[in-house]
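# A look at the structure
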Amino acid sequence: MASLKAAVIGAGNHGAGHLRMIADEPEMRLVGVSDLDEQRLAAAAAYEPEVSATDYREMLDRARADVAYVVTLPGHLLPIVRECLERGIHTSVEKSPGNTSADTAAMIEAEAASTAMAIASFNRRYYPQILAVKRLTLARGGPVHAAATYNKTPSDRVVENMRRGLMPPALVCDAIHHVDLLRWLVGDTMETTGVVTQVHSETYRSSPARERHNAVITFANGARAVLMSHFGVGTRIQRAELHAEDFSAYMDLTRMSPPEEAHRPDTFELFADGDPYEAPLDLAPEGGPHFNETRHFADCILSGRRPWSTLEDALVTMRLCEAIYAGHKGPFDGAVRSPLP
Ligand SMILES: NC(=O)c1ccc[n+]([C@@H]2O[C@H](COP(=O)([O-])OP(=O)(O)OC[C@H]3O[C@@H](n4cnc5c(N)ncnc54)[C@H](O)[C@@H]3O)[C@@H](O)[C@H]2O)c1
């Protein structure tokens, strides 16, 4: 019998992914769905929630959820996340956690005043293949270098949502995945992120949604990372690299398995001591091939442990995104002034 009653607020494109993950999670049972859009609410009925309502407060009143997944656009998140935490409901916050780091900081305040805990839904951290590569890298002496590419062609809908203030700039809203992934890959332990000490960013734009970013990030453990993130270029490409002494992993996260098989990166190339590293990734220590952020959050709630991607940690990633977006060059202590309104 599932022990956690779950609700989803925002049953749009990505909300459907959370509905699937909840359906697959043995410790969760879907009790409520809310979306302002009647058609989307009707489509979510396929997951058989006990309560469906366009008004999320009404849904929360009736469904009595233990955990809520807030999957609206970033500009809508803060009041809903606050409301869930005030009600003592464990809350998953979609990326980006707000439009600015000030929004994320306000969510942290709400969590501090709550009996519940929050997780930032940085799903790349939870791919078992990513975790297995991180473990191999740590076993080989630790990370020396990481790199990430995150390129995309923003749709007209995205450009319009940015214009309406519902989404921050593309780097913060979207490429945040790979800014966060670099911090995660460079961490000194399986459960921690790397501590950023310096950022050197070269950023330029040809129009608001056509952002170009190249950044070199220095970490306290001596590793360096490079981010290249360009919007309005050829197509959507998501790649990452992680290197230790005499060890390299090249990870293509662009092509994913069909959603019904769960989202998984499927093209990883590994090399050790000059040769291809042929051993299959051992996913058992990472919770098996179906591990994801939903499984992790259920475990955290049931055991009282804090998640890997806390809001405090997400705030550092948000501030790093804002520093890169601002073309910051110099020391970084997480307190770089946000260029965003
Ligand atoms: N982690 C990932 O890989 C990933 C991928 C895509 C999108 N996302 C994130 O997911 C979020 C949603 O993106 P999307 O593409 O699904 O957007 P979307 O516009 O398709 O869906 C958002 C939904 O939220 C609903 N909504 C807004 N305010 C509401 C309210 N007060 N009550 C109830 N419903 C409300 C809207 O009606 C809409 O259906 C964004 O933050 C985006 O950045 C994450």
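As the structure is a prediction and not an experimental result, all values here were calculated from the model. (Residues numbered from 1 in each chain as written. Predicted model: local features only at pLDDT ≥ 70, side-chain atom pairs only at ≥ 80, totals over all residues.)

## Side note on the overall build of the protein chain
This is how it is decided: The helix count covers DSSP runs of H or I at least four residues long, the strand count covers runs of E at least two residues long, and both are numbered beginning at the N terminus. Here the radius of gyration uses the C-alpha set of atoms, whereas the globule reference equals 2.2 Å times the residue count to the power 0.38. Three exposure classes are used. Buried residues have 20 or more other C-beta atoms within 10 Å of their own C-beta, exposed residues have 12 or fewer, and partly exposed residues fall in between, all C-beta atoms being placed from the backbone. It is the C-beta atoms, placed from the backbone, that decide contacts: two residues are in contact if theirs lie within 7 Å.
Per the secondary structure count, the protein chain includes 10 helices and 15 strands. Taking 2.2 N^0.38 as the reference for a compact globule, 341 residues should give roughly 20 Å; the C-alpha atoms of the protein chain span a radius of gyration of 19 Å, in line with that estimate. For the protein chain, the proportion of its 341 residues judged to be buried stands at 47%. For the protein chain, the proportion of contacts with a sequence separation of at least 24, taken over those separated by at least 6, is 66%.

## A short note on helix 8 (residues 170-185)
Where we set the bar: For a helix, the expected span equals 1.5 Å multiplied by the number of residues minus one. Two axes are fitted around each residue, one to the seven residues ending there and one to the seven starting there, and the angle between them is reported as the bend at that residue.
For helix 8, built from 16 residues, the straight-helix expectation of 22 Å at 1.5 Å per residue is met to within 8% by its first-to-last C-alpha distance of 22 Å. Along its length, helix 8 reaches its greatest deviation from straightness, about 60 degrees, at I176. A large share of helix 8 lies buried, amounting to 16 of its 16 residues.

## Some points on the site of the ligand
Using the following cut-off: Nearness here is judged by the C-beta atom: place it from the backbone, and if it falls within 6 Å of a molecule or strand, the residue counts as near that partner. Put simply, Ala, Val, Leu, Ile, Met, Phe, Trp, Tyr, Cys and Pro go in the nonpolar bin, Asp, Glu, Lys and Arg in the charged bin, and everything else, Gly too, in the polar bin.
Around the ligand, the surrounding shell holds 24 residues, and the nearest of these are G10, G12, N13, H14 and T72. At the level of secondary structure, the elements contributing two or more residues to the shell around the ligand comprise helix 1 (13-24) and helix 4 (74-86). A per-class count over the shell around the ligand returns 9 nonpolar, 10 polar and 5 charged.

## Re the domain arrangement of the protein chain
The condition that has to hold: Here the limits of each domain have been adopted from an automatic or database domain assignment.
Here the protein chain is partitioned into domain 1 (4-123 + 302-309) and domain 2 (128-286 + 317-331). On a C-alpha basis, the centroid separation for the pair domain 1 and domain 2 is 25 Å. Sort the elements by how many residues they give to the side of domain 1 that touches domain 2 and helix 4 lands first, with 3 residues. Residues of the side of domain 1 that touches domain 2, tallied by class, amount to 5 nonpolar, 8 polar and 2 charged.

## A look at unusual backbone geometry
Of note, the bond from K95 into S96 is cis; its omega dihedral lies within 30 degrees of zero at -15 degrees. Non-glycine residue E48 carries a positive phi angle of around 55 degrees.

## Quick word on the nonpolar core
Defined as follows: Only buried Ala, Val, Leu, Ile, Met, Phe, Trp, Tyr and Cys residues enter a nonpolar core, and they are joined through C-beta atoms within 7 Å.
Ranked by internal contacts, the top residues of the largest apolar core, which has 91 residues, are A7, V70, V81, L182 and I324. Tallying contributions element by element places helix 8 first for this core, with 11 residues. Each of domain 1 (4-123 + 302-309) and domain 2 (128-286 + 317-331) accounts for three or more of the residues forming this core. Setting aside chain neighbours within four positions, we find A7 in contact with V31, G32, V33, M59, L60, A63, A65 and A68.

## Structural notes on the pairing of strand 1 (residues 4-9)
The following threshold applies: A pair of strands is considered paired only if DSSP assigns at least 2 bridges between the two. Crossover handedness is defined here as right-handed if the route from the first strand over the helix to the second strand goes clockwise, with the strands pointing away from the viewer.
Summarising the sheet, strand 1 and strand 2 (residues 28-34) pair through 6 bridges and their orientation is parallel. Counterpart to I9 in the pairing with strand 2 is S34. Following the backbone out of strand 1, through helix 1 and into the adjacent parallel strand 2, one traces a crossover that is right-handed. Note that strand 1 and strand 4 (residues 67-70) share 4 bridges and pair parallel. Looking at strand 4, one finds that V8 is bridged to Y69.

## As for helix 3 (residues 56-63)
Put simply, the test is: An arc is given here, and it is the one of the directions from the helix axis to the C-beta atoms.
Along helix 3, the residues classified as buried are Y56, M59, L60 and A63. The buried residues of helix 3 occupy an angular sector of 95 degrees when the element is viewed end-on, so they sit on one face.

## Focus on the environment of Q198
Mapped onto the elements, Q198 comes out in strand 8 (residues 196-207). When the C-alpha atoms of Q198 and D333 are compared, they prove to be 8.1 Å apart, with 135 residues separating the residues in sequence. Discounting chain neighbours no more than four positions away, the residues touching Q198 are T218, G330, P331 and F332.

## Quick word on the packing of helix 4 against helix 5 (residues 101-112)
Short version of the rule: Fitted lines through C-alpha atoms serve as axes, helices being fitted only where they are in contact, and the angles separating the N-to-C directions of these axes extend from 0 to 180 degrees. Under this scheme an angle from 65 to 115 degrees is roughly perpendicular, one under 35 degrees roughly parallel, and one over 145 degrees roughly antiparallel; angles in between are oblique.
Where helix 4 contacts helix 5, the two axes come as close as 9 Å, and the packing angle between them is 10 degrees. The orientation of helix 4 relative to helix 5 falls into the category roughly parallel. Taken together, the residues of helix 5 that come into contact with helix 4 (itself represented by L78, V81, R82, L85 and E86) are D103, A106, M107, A110 and E111. Its residues assigned to classes, the contact of helix 4 with helix 5 shows 6 nonpolar, no polar and 4 charged.

## Quick word on the sheet that holds strand 6 (residues 118-120)
Across the sheet, 6 strands lie side by side as 3-2-1-4-5-6; this open sheet has parallel pairing. Lying at the two open borders of the sheet, with one neighbouring strand each, are strand 3 (51-53) and strand 6. Taking the axes of each pair of neighbouring strands and ignoring which way they run, one obtains an average angle of 20 degrees across the sheet. Two strands pair when backbone bridges link them, and strand 5 (residues 90-93) and strand 6 are joined in this way by 3 bridges, in the parallel orientation. Bridging from a neighbouring strand, T91 pairs with A118 of strand 6.

## Some words on the environment of L19
Relative to the elements of secondary structure, L19 occurs in helix 1. Considered as a pair, L19 and A7 are 12 residues apart in the sequence and their alpha carbons are 8.8 Å apart. Excluding its chain neighbours within four sequence positions, the residues that come into contact with L19 are V8, A11, L30, A44 and Y47.

## Description of the packing of helix 8 against helix 10 (residues 311-325)
Note the following rule: We call a crossing left-handed when the near helix sits turned anticlockwise from the far one by less than a right angle, and right-handed when that turn is clockwise.
Relative orientation of the contacting elements helix 8 and helix 10 amounts to 115 degrees, with a least axis distance of 9 Å. It follows that helix 8 is roughly perpendicular to helix 10 by the angle criterion. The chirality of how helix 8 crosses helix 10 is right-handed. Where helix 8 abuts helix 10, its residues L171, V172, I176, V179, D180 and R183 lie against T317, L320, C321, E322, I324 and Y325. In terms of residue class, the contact of helix 8 with helix 10 is built from 8 nonpolar, 1 polar and 3 charged.

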